[in-house]
Amino acid sequence: MSKNQLVYRGVAYDGTKHAELPANPVEHVYRGVHYREALRHEAAQADEAVELHYRGHTYHHRREQAARQVNAG
């Protein structure tokens, strides 16, 4: 398998073909909500005041801790 070859659920595909997302709006539905937005966009800023709950666990944003781990390696 080459460096650009990716696998999703056992199906291999070439990731280089999906590297550049179009900037034009695309109509799609996510969790029952209709959107008409471009697939390429900037990530939203994390709201550190919000508690995240997933499978019975509470998570908090730990930006400083993550930055230390990335910069240490």
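Placed above this text is the structure.
Because the structure is a prediction, the values reported are computed rather than measured.

What is the right way to look at the pairing of strand β1 (residues 5-8) in this model?
One face of the sheet, then the other: side chains in a regular strand alternate in exactly this way. Judged from the 4 bridges that link them, β1 and strand β2 (residues 11-14) form a sheet pairing that is antiparallel. Within the sheet, the bridge partner assigned to Val7 lies in β2 and is Ala12. Adjacent in sequence and paired antiparallel, β1 and β2 are bridged by 2 residues, among which Arg9 carries a positive phi angle near 50°.

Honestly, the pairing of strand β4 (residues 33-38) in this entry has me stumped. Any pointers?
Taken together, the 6 bridges between strand β3 (residues 25-30) and β4 define a ladder with antiparallel strand orientation. When the sheet's bridge partners are listed, His28 is paired in β4 with Tyr35. Where β3 folds back onto β4 in an antiparallel hairpin, the turn is made up of 2 residues, including Arg31, whose phi is positive at roughly 50°.

I would appreciate a short explanation of the pattern of salt bridges in the present structure.
Working definition: two side chains of opposite charge can pair if their charged atoms are close together. Across all of its chains, the model carries 1 salt bridge by this definition. In this structure, Arg36 engages Glu27 in a salt bridge whose closest nitrogen and oxygen atoms are separated by 3.5 Å.

Rules used in this analysis
Residues numbered from 1 in each chain as written. Predicted model: local features only at pLDDT ≥ 70, side-chain atom pairs only at ≥ 80, totals over all residues. Heavy atoms only, no water. Pairing = 2+ DSSP bridges. Helix = DSSP H or I, 4+ residues; strand = E, 2+ residues; numbered from the N terminus. Salt bridge = Lys/Arg side-chain N within 4 Å of Asp/Glu carboxyl O.

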